[in-house]
Amino acid sequence: MVTEEYFPRGKTKTDTEEAKPSAKEQRENRFVNILSEKDNKQTKKKKTKDTKKKQPLLTVKSVPTLGYEQMKEGLVVGGVVSEIADYEVKVSLPCHLVATLPITNISSTYTEALRKAADDVTDEEVDDDIPSLSQIFKIGQFIVVAVVTCEQTGNKYNLTVSVDPKLVMAGRVPGQGDLCVASVISKEDHGYLMDVGNRTVRGFLPNKTAQKHWNKNLSVGMVILCIIVKKEKGAVTLKCDPGKVFNTVNKEPNLHNSLPGTLFKAKVVADVVNGVKVEIGTDVEGFLHADLFPVDSPNDLEVGAAINVRLVNILPTVNTVLVTGRPIWPFSDPFEDLKSGTLFKEAVITQVQRRQLILKLSEAVVGCVTTRNAKDGTEIIKNLKEEYKVGSKVKARVLGLDYFSRMAMCTMKKSLVSGISSLDQLTIGQKLTGTVKRFVEKGLEVSVGTNLTGFIPILFLSDVPLKHPEKKYLQGDKIECRVLNIVPEKKRLHLTSKPILVKKEFSVVANFDDAEVGTITEGVVTKITKDGLLLSLFGEMRGFAPRRVLSSEPIEFPEKLFFIGQAVKCQIIGSEKDRNRVTLSLVIDDMKPLGRKEKERGSKALKLGKIYSGKVTNVSDTGVDLEVVEDDIACRCVIPTNHLTDNFSLGQVLIRAYKVGDVVQGVCIHHDVVTVLSKKKTLLDWAKSEQVPETFENIHEGSLLPGFVHSIKRYGIFLKIPIWTGQNTVLVPSRNIANFYVDDSRQIVEKGQTLMVKINERDEEKTQLAGTTNFKDLVKTGTECVSLMKEILEDFRFLRTQSTDLGKFGIGDLRTATIKETTEMGLILDVNGTVGLAPKSTLGGTEAEPGSCIPVLVVFVDYQAGVLEVSCDPNIITSIALCNSPPEVGSSVRGKIIMTRTEHNIQLVSITHPVKHAGCLVFVPSAAHINDFAGDKAETSEKPITLIIQHVSEEGEIIGMNEKQHRMSVKKMKRERSHSTSKDDVNKIKRQRTESESSVTELLATVKSQEIPDFVAPKPPASAASAKVSIPEKKLQSTKAVEKDSDEKNSGKEKSAKPTTKKEKGKIKKQTTEIQPMEICNKDSEKDDVNQDKGEDKFRAQETLEDPGWDFSLTRVTLPSWNKASIWDDSDEEMTAEETGTKKHLSKKEAKLLRKEEESAAEEAERKVIQGENQAPQSEQEFEKLVLSSPDSSLVWIQFMAFYLQSCQYNEAREVAKRAVERINFREEGERLNVFLAWLNLENTFGNQDTLDKVLRDALQRNDEFKVYSQMADIYTKSSKLDDAEKIYKILAKKFRKDKEVWIRYGLFYYKNSRIEEGRFVFTRSLQNLEPKDCVDISAKFAQIEFRYGDTERGKTMYEKLVTSHPKRVDLWSSYVDQLTRIGDIPATRVMYNRISTLGLQARKMKALFGKWLEFEKVHGTEDQQSEVKRAALQYLNARDISTPMEA
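Values in this document were obtained by computation on a predicted structure and should not be read as measured data.

(A) Spatial organisation of the overall build of the protein chain. Scanning the protein chain from N- to C-terminus turns up 42 helices and 52 strands. The 1448 residues of the protein chain split such that 46% are buried. Contacts in the protein chain between residues far apart in sequence, at least 24 positions, make up 62% of those at least 6 positions apart. Surface accessibility of the protein chain: about 76800 Å² in total, with carbon and sulfur atoms responsible for 49%.

(B) Region of the structure containing the sheet that holds strand β20 (residues 366-370). With respect to topology, five strands assemble into a closed barrel ordered β18-β19-β20-β22-β21, the strand pairing being mixed. Averaged over all adjacent pairs, the angle separating strand axes in this sheet is 55°, with direction ignored.

(C) Region of the structure containing the pattern of salt bridges. Evaluated as defined, the whole model comprises 44 salt bridges. Among the ionic pairs, Lys-720 bridges to Glu-556, the shortest N-O distance being 3.5 Å. Of this pair, Lys-720 sits in strand β39 (residues 716-720) while Glu-556 sits in the loop between β30 (542-546) and α11 (558-561); the two residues are 164 residues apart in sequence, bridging distant segments of the chain. The class of Lys-720 is buried, set by a relative accessible area of 11%. The residue Glu-1301 makes a salt bridge to Arg-1305 at a minimum N-O spacing of 3.1 Å.

(D) Examining the state of the cysteines more closely. Enumeration over the complete set of coordinates arrives at one disulfide. Across the disulfide, Cys-883 is cross-linked to Cys-920 (sulfur-sulfur distance 2.5 Å). Pair noted here: Cys-883 is in the loop between α16 (874-882) and β48 (892-901) and Cys-920 is in the loop between β49 (906-913) and β50 (921-925), with a separation of 37 residues, a long-range link.

(E) Structural view of the nonpolar core. Phe-137 and Leu-238 are the most contacted members of the largest nonpolar core, which has 106 residues in total. Among the nonpolar cores identified, the runner-up in size contains 87 residues, and Phe-1200, Val-1302, Val-1377 and Trp-1413 belong to it.

(F) Focus on the packing of aromatic side chains. Tallying each qualifying case throughout the model produces 29 aromatic pairs. Ring centres 5.9 Å apart and planes at 45° place the aromatic pair Phe-506 and Phe-538 in the tilted group. One end of the pair, Phe-506, is in the loop between α10 (499-503) and β28 (520-529); the other, Phe-538, is in the loop between β29 (532-536) and β30, with 32 residues separating them in the sequence. For Phe-538, a relative accessible area of 2% corresponds to the buried category. Aromatic pair Phe-1236 and Trp-1239: ring centres 6.0 Å apart, planes at 20°, arrangement stacked. One end of the pair, Phe-1236, and the other, Trp-1239, are both in helix α31 (residues 1229-1246), three residues apart, so they sit about a helical turn from each other. Side by side, Phe-1236 and Trp-1239 carry an identical accessibility label, which is buried. Three or more aromatic residues joined by ring pairs make a cluster, and in this case those are Tyr-1289, Trp-1303, Tyr-1306, Phe-1309 and Tyr-1310. The aromatic ring of Phe-506 is capped on one face by Arg-482, whose charged end is 5.0 Å from the ring centroid.

(G) Seen up close, the side chain of Ser-162. Relative to the elements of secondary structure, Ser-162 occurs in strand β7 (residues 156-162). For Ser-162, a relative accessible area of 2% corresponds to the buried category. Setting aside residues up to four positions removed in sequence, Ser-162 forms contacts with Leu-101, Asn-105, Val-144, Val-145, Ala-146, Val-148, Leu-167 and Val-168.

(H) Examining the packing of helix α28 (residues 1180-1189) against helix α29 (residues 1194-1206) more closely. Running from N to C, α28 and α29 cross one another at 165°; their axes reach a closest spacing of 10 Å. Considering their axes alone, α28 and α29 lie roughly antiparallel with respect to each other. The crossing of α28 and α29 is left-handed. The segment α28 lies against α29, with Glu-1180, Phe-1183, Glu-1184, Leu-1186 and Val-1187 engaging Val-1196, Trp-1197, Gln-1199, Phe-1200, Phe-1203 and Tyr-1204.

Conventions we followed
Residues numbered from 1 in each chain as written. Predicted model: local features only at pLDDT ≥ 70, side-chain atom pairs only at ≥ 80, totals over all residues. Heavy atoms only, no water. Helix = DSSP H or I, 4+ residues; strand = E, 2+ residues; numbered from the N terminus. Buried < 20%, exposed > 50% of the residue type's maximum accessible area, 1.4 Å probe, protein only. Contact = heavy atoms within 4.5 Å. Areas by Shrake-Rupley, 256 points an atom, 1.4 Å probe, with all protein chains shown as cover. Pairing = 2+ DSSP bridges. Axes fitted to C-alpha atoms, helices over the stretch in contact; angles between N-to-C directions. Salt bridge = Lys/Arg side-chain N within 4 Å of Asp/Glu carboxyl O. Disulfide = S-S within 2.5 Å. Core = buried A, V, L, I, M, F, W, Y, C linked by side-chain atoms within 4.5 Å. Phe/Tyr/Trp six-rings, centres within 6.5 Å; stacked < 30°, edge-to-face > 60°. Lys NZ or Arg CZ within 6 Å of the ring centre and 35° of its normal. Parallel < 35°, antiparallel > 145°, perpendicular 65-115°, else oblique. Left-handed = near helix turned anticlockwise from the far one by under 90°.

See below:
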């Protein structure tokens, strides 16, 4: 072998040695499709200057093609819209690729608008502003997309793209004249603000150019193609005229910034296998595929020819440029009405290429067949030229439409060409044969043709439900089907294989045109309700069959006769297209009544009113299914959930305790398609008794019968009673349901609820009954609540025996628990593997540390939630642990409530007294009767209660009755026997009254003798009204305190009506004198005389807070008397008198004493006037002396200011005010406040806003802000500065929102100024800000304001709500009648007094109310009406059991 040495120290090479390609050559080899063949032998390198010109390393022989493998995230490519759906757009890409553009990938602005519309579904305007995809895009439209994801599933790819400018324009910096993608951000006055994908640059589209866009309705979020006509710093001006956008030639191509769709001038430089190679500009080479040749001259592309091309895509890494010669504007649909699945029987082959065939399907449509779709089988033809020739005719079916290349993708496979291949070939109701593909969770997938799969929902598989349908339908099985529904836009095909629907011939109802009244068709039950059946027809049609037309005989339990998925024959009896409603009937002339066979079977074996036992076959939420065997006849029965117990709240809990195979006993109450049994104890006991009325004739008025709610109507409820023949329903009107007003019966009763009913009306002709369930109208023995509690405990025992996890626990058990977690609500415990909850109120000081063990008491077992409620109180646990002596029946005990369950009407009480029974647990019913809807909610766990032991069970469960309920039951029984009581017995009972009944006796005596106490209101004499009486400072301060107390009483709290005792007379006397600031009692006068020498000058200056002496017409300055400040003006004296907390009516002795004191005060005032002791100063020097002697008296300083104001010396008056606030002792806050208020009044009248604001700021710093703001608001209001007053009230409401007086003043301000609605809004705000305890008081205040300044009827409504929710608040009733009396509504007032007389309150409260009523009738009524008051009082006394000691 010959070798040649290149360098003395170099290595020699043989001419047969192969050289390895460089790294650069390896990279180029990976991204180029077809490379020129090279000689593998490396020639010898020679250093010579005569070397030949180097040949290109790589030579491309064919146009590179795009594949899904090259679709990487971020790749930008041009595409054409091929299909538009509701939530996505299909896009055709080069090389026959297809991508999906979701609705969320349009633009960030559009996505945000969609999110806002989804969050606010109620705003219809938002939805209207968002354009749909069909409004944004158009079939055939050229768009630029960026690849988001490309996922492969088997042999299929899911390519997702986006047109968001942020993704499409990422990294590109387009210049002037370049193409760009922009989305509309907002609409401005002169154009649109556009997003061009750059955070630092914004685009602007003028209105003039926007009107030239093909879409005239540009909306926020839409994406359009534009060109940049002007570029500035931070902004670019855009143009969207399609003619200029798509026809502007880019003369200087920049591959890094150019977008797909950019137009270039190019020259053909070479031919390649499947296209041509072109040169763009001077140094850019591109490739034009034959499929993308210009449509007008595809064969004229010779080397050297000039051609216009558009950029399609740039392959990454090697910068291979793909272009197209097809026009993209104007947008057009080349396929018109052509759809996928269309079969062409004589398609002509126009071109035969190595890997595809070009077909002529019609004059305007060209098809393409790839090697994969040319022939059946797994073998692929490698060279189509060997199999097919140009001009031959073939049969081809369209598989898809490629809008980018304008070709229809076809197949010539025989298996796909024959048979059904598209939804257009099918019609609803058409029968066909399919092949089972696979069984999925919700149904069966069936292949019915070429690339066409149908779905059979599981309800439409067979006539009867199948437990294991996957075992019946195997892959590859043939199945007869019928088209149920076709949804072309979603490409869905629903089928049915029910033999009844497939084999039977009937009228198919697929739309409202087919739904003619009288048409008989077949439907499938898809939903069963208590009101009827929902049936599915063909197509999208649905129909409802009401329960009344399910059969010619009544059916109460349709769920027991029909099942979901059942095919039934039905007839259309109503069709309303505008309401999208079809009404069906299962009653057809030639059919037997449905359910008759089942009813006859049950009625033949089982008799109504008899008790039977059966075995549980099924348990559902609606009830327990039983099988009862009687006389060798197996009958289907059901016990509905609401018939498992009389305690309605336990029904849903008990239903979970029953298991298949259990034996259950019940009384037969109804025959339907299944026989209905009841396990209610009241009905079982009634069936066992011998008092059952068999027929309607055996029922009389006054009969007391058990029943259960059958139906609830607006006007009342219907009860079913256990009468086994004839009429067995009773109507109970709404007024007779309960012992309180019932607005909506559905809020207090439930269907199936047990109630006792008393018959009070009986119509023999119509065989109708009416009754009452008001438990006060029923005859009660006092043991109803005990019986109810026994049944509840029996239900608890049953639940305990049936429960596996909670069966080991019982109420009253003592256990050891481990603390798992401590929360704000209490403790979470582990009690022997079960979760226990200990509320914070039951910890009793127990130290709670996670992981520690503590003893607990089980107070309730919640079987529904599967948890225990326990108590950790060590005192209770210790007493229960030591308890060994249960109380006897009939004994009286006291205890503490440790558990209350209002839903079950049960309380658990731990006995505390007597000590020998301490720790025993007693079950107490909180409802007095099964008809007691309200229950006893007065008792709380904090207040001990007294119990009467009623029953002790064999299990040791103690049942007690609240002493209050026990006393009421005894009263009721005694009252019922009162008609047979003799006079001697009455006298005996009277002699047995206790001293606590004295109030009742006094009231009776008062009414009988008509001796109503004199209620004398204090009236000062005329002389005292005009006199100026000196009042000590201490007395002024005490007056403030009294008025504050009076305001608190005005809030609506109940006032005591106890008779005045000797000890209280002094208090009353003191209160009376303090409340009247203008009057001084004798006692105070004597004290003043004693101290007169010590401080005569000081007291002389402290006169009454009246007119300080200036001319009101001139100054409009008034003395700020905070002590007498009120939210009411002078016109509100009557309302203030109604609300004052002092006694309005005094006894004769008190009134006489008060008049004597007033006369003494008037005489003393007259004496001082005569002697000149109260003569006002007349000069500046006299005032200076007066302020020196009384520097802390605000009255002196204010009179000094008034002296200057009378002579219009405003600055001097201001200086006096300044001296006063600096001179008055800092402890005299009230005096300093008075001066500030006078100063504020002065500045408001004679100053400007700046001086007023300055004084106000100073006043706020030195005084109580609340008082300053309140008086400032009054000053503004009286000076008609309503806007300023409103601002002050808003400040008050913000700073003191927890103060009732603020809201009253604020609301009254609006009402007085005729701004009623704003005042009502203030009331609403007050309820939101005040404490719950203050809501009643504020409501009463605004009700009074409504009466005076607003709507009287609204005021009545507010009062009605108050007295209904708080019937024991005497002050509310009294205020209500006062308002009615004031407006002159005498009939309404009289009706209100009648209502009050039936309240049944304590005697001392009723005494005052009856006295007030009698006083009202003396003024406005007649003697007969006064007698009516007596009768009402007597009726009240008779209603109270005089043999029982009354509450003090």
